[in-house]
Amino acid sequence: MLGALRSPRLLTREVLAGLVVALALIPEAISFSIIAGVDPAVGLFSSFIMAMTIAVVGGRPAMISAATGSVALVIAPVSRQYGMDFFIATVLLAGLFQVVLGLLGVARLMRFVPRSVMVGFVNALAILIFLAQLHNLIDVPWAVYPLVAAGIAVIVFFPRLTKLVPAPLVAIIMITLVTVVSGMNVPTVGDQGRLPHSLPSLFIPNVPLTWNTFVTIAPYALAMALVGLLESLMTAKLVDDITDTPSRKNRESWGQGIANIASGLFGGMGGCAMIGQTMINVRASGARTRISTFLAGAFLLVLIVVLGDTVAVIPMAALVAVMVMVSVGTFDWHSVRPATLKRMPVGETLVMVATVAVVVVTNNLAIGVVLGVIIAMVIFAKRVAHFATVQRELVERPDGTAFARYRVNGELFFASSNDLTTQFDYAGDPAEVVIDMSASHVWDASTVSALDAIAHKYEGHGKSAVIEGMNEASARFHGRLAGRLGGAL
């Protein structure tokens, strides 16, 4: 950030990126307010408070946080059923949950999100951004279409002339000037909802501080906290990949909680990281520091309170053009090339497609990501289960007696050990059996139970089975549970 402050060129880039994001936030915040069933001012105030707060306390520079559709969908029932006071109390409690989860290190769970889910998340995001623009392209005056096309052309070709000014900002200004000068009658930002003309004030929800109140709002608050954290951490990981810089995800987790609490204290609806606006900031405008995030919130405040009448005349066609190009730039086109699909394992492709499909159908990124991770885990478990093998050898001693040695190879857990009991010849083996575990590892109680069952089956045939060669960790785990799992299955 200090580098941007010392460089006029970099500082200009950050300032203009913040302005572009602020302009794009206005119609989005209004739309999400409608989804949540609250006044447009609630979403707008929430957006500028969250952006400015997360710029200070967040862990991912240049990421934009504001009111979002996913959060609005989760807490919308509260405003409809219980009123505004309970609604704000839910936002505050969700922020508190996020702070606690952040301090507990919930961000470490991101390591369990595989690449195929991440690709599906990105592609689903691109599709959702594009689909969100369709209502601005259907049943509208014919002039909207050439305006959108012109905006896209400016965004594509203007960077070839100069990258000093973000192409999306140039497109917004040019299309606005064209519509104002020509007097075109096209949908504008002002048509989306009334813009506020005053600053927000402190809002303390008037709700009883009782257990009943907590039980009422806690499920919605927890759902909001989890959805917000998941979407924010996934977005942070995406920005990490784009910028080749790391982020502090635990800080981002509790920072999201602080931002939501700040939003709720001033009557905001809360939110989380906004993927579309973050892509405008990072990819389309080239921003890299907290300056752009902070100024996005500051510019949003100025635009809606001071320059509301001017902002209201911006045609929606200009913002649609920006978001369409964000969608195109966000989609991972390499992932759907025939050559890539041919090389990629079927399971990986299935996870990606399932993630995209669930997100698009439910309009909820969190649900899609969770389901994608579950499918990936099942496929991984099924794949690893086949790596465990059992080899039998009949060993004869000099005195003429013999014993059977079974060598178990691989990682043993519930998926690979369930059929372990079927790989022994209980009736045909000699009286002594040795199970060599030196090339395997015991991971769970299912494996211990399977080994118990094998020993019991041999006992039933009047034979003895001895387990040997376990590594220290496996021996300790097996010793703690063997014979104590309620009998062999």
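A brief look at the structure comes next. (Residues numbered from 1 in each chain as written. Predicted model: local features only at pLDDT ≥ 70, side-chain atom pairs only at ≥ 80, totals over all residues. Heavy atoms only, no water.)

If you walk through the whole model with that rule in mind, you get seven salt bridges. Between arginine 397 and glutamate 432 there is a salt bridge, with the nearest N and O atoms lying 2.8 Å from each other. Taken together, the residues span a long stretch of sequence, with arginine 397 in the loop between β3 (389–396) and β4 (402–412) and glutamate 432 in strand β5 (residues 432–442) at a distance of 35 residues. The partner of glutamate 472 in a salt bridge is arginine 476, and the shortest N-O contact between them spans 3.5 Å. Pair noted here: glutamate 472 and arginine 476 are both in helix α20 (residues 472–481), with a separation of four residues, about one helical turn. Overlapping salt bridges, with partners in common, bring together Arg60, Asp240 and Lys249 in one network. (Salt bridge = Lys/Arg side-chain N within 4 Å of Asp/Glu carboxyl O. Helix = DSSP H or I, 4+ residues; strand = E, 2+ residues; numbered from the N terminus.)

Another point: a nonpolar patch on the surface. A surface patch of nonpolar side chains, amounting to about 320 Å² of accessible area, comprises Val370, Leu371, Ile374 and Val378. Following the sequence through the fold, valine 370 ends up in helix α17 (residues 365–385). Accessibility expressed as a relative area gives 45% for valine 370, which makes it partly exposed. (Patch = residues over 30% accessible without salt bridge, like charges linked within 9 Å, V, L, I, M, F, W, Y side chains within 5 Å. Areas by Shrake-Rupley, 256 points an atom, 1.4 Å probe, with all protein chains shown as cover. Buried < 20%, exposed > 50% of the residue type's maximum accessible area, 1.4 Å probe, protein only.)

So, about the sheet that holds β5. The strand order across the open sheet built from four strands is β3-β4-β5-β6, with neighbouring strands paired in mixed fashion. Of all the strands in the sheet, just β3 and β6 (464–468) have a single pairing partner and so form its edges. This sheet shows a mean twist of 20° between the axes of neighbouring strands, independent of strand direction. Looking at chain direction, β5 and β6 are connected through five bridges and run parallel. Across the sheet, aspartate 436 pairs through a bridge with glutamate 468, a residue of β6. Of the strands in this sheet, β4, β5 and β6 are in contact with helix α19 (residues 445–460), which crosses β5 at around 175°. α20 rests against β5 and β6 of the sheet, and its axis sits at about 115° to β5. (Pairing = 2+ DSSP bridges. Axes fitted to C-alpha atoms, helices over the stretch in contact; angles between N-to-C directions. Contact = heavy atoms within 4.5 Å.)

Here we take up the environment of valine 322. Position of valine 322 relative to the elements: it lies in helix α14 (residues 316–330). A relative accessible area of 3% means that valine 322 is categorised as buried. Between the alpha carbons of valine 322 and isoleucine 280 there is a distance of 8.1 Å; along the sequence they are 42 residues apart. Contact partners of valine 322, with chain neighbours within four places excluded, come to Ile155, Pro168, Ile172 and Ile280.

Moving on, we get to the pairing of β5. In terms of burial, β5 is a largely internal element, eight of the eleven residues being buried. Pairing of β4 with β5 involves eight bridges; the strand directions are parallel. Bridging across to β5, arginine 407 finds its partner in aspartate 436. In this view, the connection linking β5 to its parallel neighbour β6 by way of α19 has right-handed handedness. (Right-handed = clockwise from strand over helix to strand, strands pointing away.)

Note on placement: threonine 188 falls in the loop between α8 (167–182) and α9 (211–243). Using a relative accessible area of 16% as the deciding quantity, one classes threonine 188 as buried.

Enumeration over the complete set of coordinates arrives at nine aromatic pairs. Ring centres 4.6 Å apart and planes at 45° place the aromatic pair phenylalanine 331 and tryptophan 333 in the tilted group. Residue class for tryptophan 333 comes out partly exposed when judged on its relative accessible area of 49%. Of the aromatic side chains, those joined through ring pairs into one cluster are Tyr406, Phe424, Tyr426 and Tyr458. Its guanidinium or amino end placed over the ring of tyrosine 426, lysine 457 lies 5.8 Å from that ring's centre, counting from NZ or CZ. (Phe/Tyr/Trp six-rings, centres within 6.5 Å; stacked < 30°, edge-to-face > 60°. Lys NZ or Arg CZ within 6 Å of the ring centre and 35° of its normal.)

Looking now at helix α10 (residues 249–265). The terminal C-alpha atoms of α10 lie 24 Å apart, and with 17 residues this matches the ideal 24 Å at 1.5 Å per residue to within 8%. With twelve of 17 residues buried, α10 lies mostly within the body of the structure. All buried positions along α10 are accounted for by Lys249, Arg251, Glu252, Ser253, Gly255, Gln256, Gly257, Ala259, Asn260, Ala262, Ser263 and Gly264. Summarising the contacts, the buried residues of α10 are in contact with α3 (40–57), β1 (65–66), α5 (84–103), α9, β2 (272–273) and α12 (290–305). (Expected span 1.5 Å × (residues − 1).)

The next subject is unusual backbone geometry. Phi is positive for alanine 62, which is not a glycine, with a value near 80°. By the element assignment, alanine 62 lies in the loop between α3 and β1. Residue classification places alanine 62 among the buried residues on the basis of a relative accessible area of 1%. Phi at aspartate 139 is positive, roughly 55°, even though this residue is not glycine. Secondary-structure assignment places aspartate 139 in the loop between α6 (115–131) and α7 (144–157). Assessed through its relative accessible area of 77%, aspartate 139 is described here as exposed.

This part is about the nonpolar core. Formed by 110 residues in total, the largest nonpolar core has its most connected members in Ile26, Phe87, Phe121, Met234, Met269, Ile280 and Ile304. Element by element, the count of residues in this core is highest for helix α2 (residues 8–36), at twelve residues. Aside from chain neighbours lying at most four places away, what touches isoleucine 280 is Val20, Val21, Ala24, Ser285, Val322, Met323 and Val326. Of all hydrophobic cores here, the second largest spans 21 residues; its members include Leu420, Tyr426, Leu451 and Ile454. (Core = buried A, V, L, I, M, F, W, Y, C linked by side-chain atoms within 4.5 Å.)

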